[in-house]
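What follows is each chain in one-letter form.
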Amino acid sequence: MRRASGGGGARRAWALAGLLLALGPAGCGLAQPQAGTVAPGAGRTVAPGAGRTVAAARFEVRARHTDVVEVEVLFPSDAAGRPERPPGGPGLPALLFVQGGGVSVEGYRWLAEEVARAGWVVALPVHPLDLAIFAVDNGRVARELLLAPPAGSLLEGLVDPARLTVGGHSLGGVVAVKLALQQQAGQAPVAAVALLASYPDPADAARLPSLAGTPTLALAAEGDCQAPLAVVRERSAVLPAPTVLAVVEGAAHFQFTGDDAPDAARGCASTLPLAEAHARIASALLTFLEAAVDGGGTGAEALEALPGVRVEAP
Amino acid sequence: VSAPRPGLPAALLAALLLLASAPARAEAPVLTATSHPDTGPRVVVLAGLPAQGGVGLLLPDGGRGALGVELVGQLAGRVAEARAGWQLPLARAGLFDAALQLGGTAYLVPVGRLDAGLGAHAGLFGGFGGQPSAESPAGVTAHVSLGVQAGAEVFARELGPRVPLRAVLAGRVVSGPLWLGLTARGGLDLEPARAATYRGEALLLLGWTLAVR
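So, how was this worked out
Residues numbered from 1 in each chain as written. Chains lettered and ligands numbered in written order. Predicted model: local features only at pLDDT ≥ 70, side-chain atom pairs only at ≥ 80, totals over all residues. Heavy atoms only, no water. Helix = DSSP H or I, 4+ residues; strand = E, 2+ residues; numbered from the N terminus. Buried < 20%, exposed > 50% of the residue type's maximum accessible area, 1.4 Å probe, protein only. Contact = heavy atoms within 4.5 Å. Areas by Shrake-Rupley, 256 points an atom, 1.4 Å probe, with all protein chains shown as cover. Core = buried A, V, L, I, M, F, W, Y, C linked by side-chain atoms within 4.5 Å. Pairing = 2+ DSSP bridges. Right-handed = clockwise from strand over helix to strand, strands pointing away.

Participant: Explain the overall build of chain A here, please?
Facilitator: Assigned secondary structure in chain A consists of 8 helices and 10 strands. Split into buried and exposed, the 314 residues of chain A put 58% on the buried side. Contacts in chain A between residues far apart in sequence, at least 24 positions, make up 71% of those at least 6 positions apart. A total accessible area of about 11400 Å² is found for chain A, and carbon and sulfur atoms account for 56% of it.

Participant: What should I look at first to understand unusual backbone geometry in this one?
Facilitator: For residues that are not glycine, phi is negative in most cases, and the peptide bond is trans in most cases. Here A241 of chain A and P242 of chain A are connected by a cis peptide whose omega angle stands at -5°. Along the chain, the position of P242 of chain A falls in the loop between α5 (229-236) and β9 (243-248). Here the amide bond leading from G160 of chain B into P161 of chain B is cis, since omega sits at -5°, within 30 degrees of zero. Take P161 of chain B: it is sitting in the loop between β7 (140-155) and β8 (163-175). Of note, the phi angle at D130 of chain A is positive, near 60°, even though the residue is not glycine. Counting through the fold element by element, D130 of chain A comes out in the loop between β5 (121-125) and α3 (137-147). One non-glycine residue, R78 of chain B, adopts positive backbone phi at about 55°.

Participant: How should I be thinking about the nonpolar core in this particular structure?
Facilitator: The nonpolar side chains of a soluble globular protein tend to be buried, and buried together. Counting residues in each nonpolar core, the largest one holds 57 residues, and the members touching the most others are L111, V115, L217, L219 and L285 of chain A. Here this core gets 10 residues from one element, more than from any other, and that element is helix α7 (residues 274-295) of chain A. Beyond its immediate stretch of four places on either side in the chain, L111 of chain A contacts F97, L196, I281, A282 and L285 of chain A. Ranked by size, the runner-up nonpolar core spans 40 residues in total, among them F59, A176 and A180 of chain A together with A195 of chain B.

Participant: Is there a simple way to think about the environment of L96 of chain A in this case?
Facilitator: Residue and element names in this part refer to chain A. Mapping L96 onto the fold places it in strand β4 (residues 92-98). Each C-alpha atom, one on L96 and one on A203, is 22 Å from the other, the two residues being 107 residues apart in sequence. In contact with L96, other than residues within four places in its own chain, are A123, P125, G139, A142, R143, L146, T165, V166, G167 and L179.

Participant: How do you make sense of the pairing of β9 of chain A when you look at a structure like this?
Facilitator: Here is the key point about a regular strand: its side chains alternate between the two faces of the sheet. Residue and element names in this part refer to chain A. Counting buried positions along β9 yields 6 of 6 residues, so the element is predominantly enclosed. As paired elements, strand β8 (residues 216-221) and β9 share 6 bridges and run parallel to each other. Bridge pairing in β9 places A218 opposite L245. Viewed along the sheet, the connection from β8 through α5 into β9 turns out right-handed. Two elements, β9 and strand β10 (residues 309-313), share 4 bridges in a ladder whose sense is antiparallel. Its bridge partner being in β10, V247 is matched across the sheet by R310.

And the structure:
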């Protein structure tokens, strides 16, 4: 083999390039914030903690050896964006929420804020291309972040591991079920599963009985063209008890997100105003979550009493 | 449930989007990931999606193979990689050829929890195209390869192993001392007790033939 010319200079250039490539990444550490950014105004708050301040922070977690997974976290906070920790209590309940296909986590910011205003910690893991199915493992990473957060970060001691729930919209619901089924040794099972306009992957059907005893909500939109009510009804029938199927009357698929324009683009626009749809969705989700972590039930009776929500299968 | 609709255009779109995704990438050596033995020694600059960049040296062995050495910084994952690959030509018939690649990668993860890793990789490539520049120094030649890469990687903190599997499409154009390459890779990583992670990357390679003595 012939030798390349440029001996000493080339060696120095290689050494410098190697040094820069090795040390360059070290210049910026992973984000493990101690406080968040306070979310603007209460807006259309429906949560029991109306008026409570909520803050958001973006965490970065080292995962799969060489990856960095971003997790957006919302939580009840003081005016400075520091978390409001329950005095001497076991920590706050938490919802790990998985984004729907092609919808950014920002699209669920409204829902996360509503849930956080009710005193919950909400974690939204970010996925490649906003398609959770490409990296199901990101949800596991977010779960570990909530249960074993970095020392000194705002999440330290904030979450009650026994009241960790998972949920997701659309494709995110499919992944949420997979996360609930991914029970790690030594971890408490998830306290509840919430599927918004979604249903389990048929490939997971054989493992679903292991969720028996875990309260599950299938929250469908009456006018959904992406996850039609009939399909949600059929596919959620395989979920073990206790499961409740609730229907948001008049709502459409993308009204679970912050922008329902895609419904109109697909010729599936709802006549229900987005704000009203959000109020119904947030009320139903919170009613279920509170019932699930407080008493292990689905809150079917309370769901039935909500305006614009009907329960089909308690 | 909102997922990509079936059909070729959607699949192509999804593939393109995957290549542009921030956390998706592949780590086997790339300079020697072709079926075609190069000729002149070259220094190469690598840049690609997701955010990454580096430098490399391609040292051919008179048409009998080539050694490629790469230093790459993965900005999205904040990881530094040193890769080396050896290309072994297997067969040649007219414009068609095939080659085996054997290589290794060393990782340094300086951000978050300090970590390091080692990987062994193998690839098999087939392709067709013109002759390398040394045989027609004034002309423009081009070559296209299609292949697969597989590896096994272990890390100091969490052993793994991580098993990357990739399909590789590589194009090379040589004009005088200028050497231009485009490599796209897609596939998945398998790891015990974890869901598979889908990966992809697109790399532009710009090389210059070094003077030899």
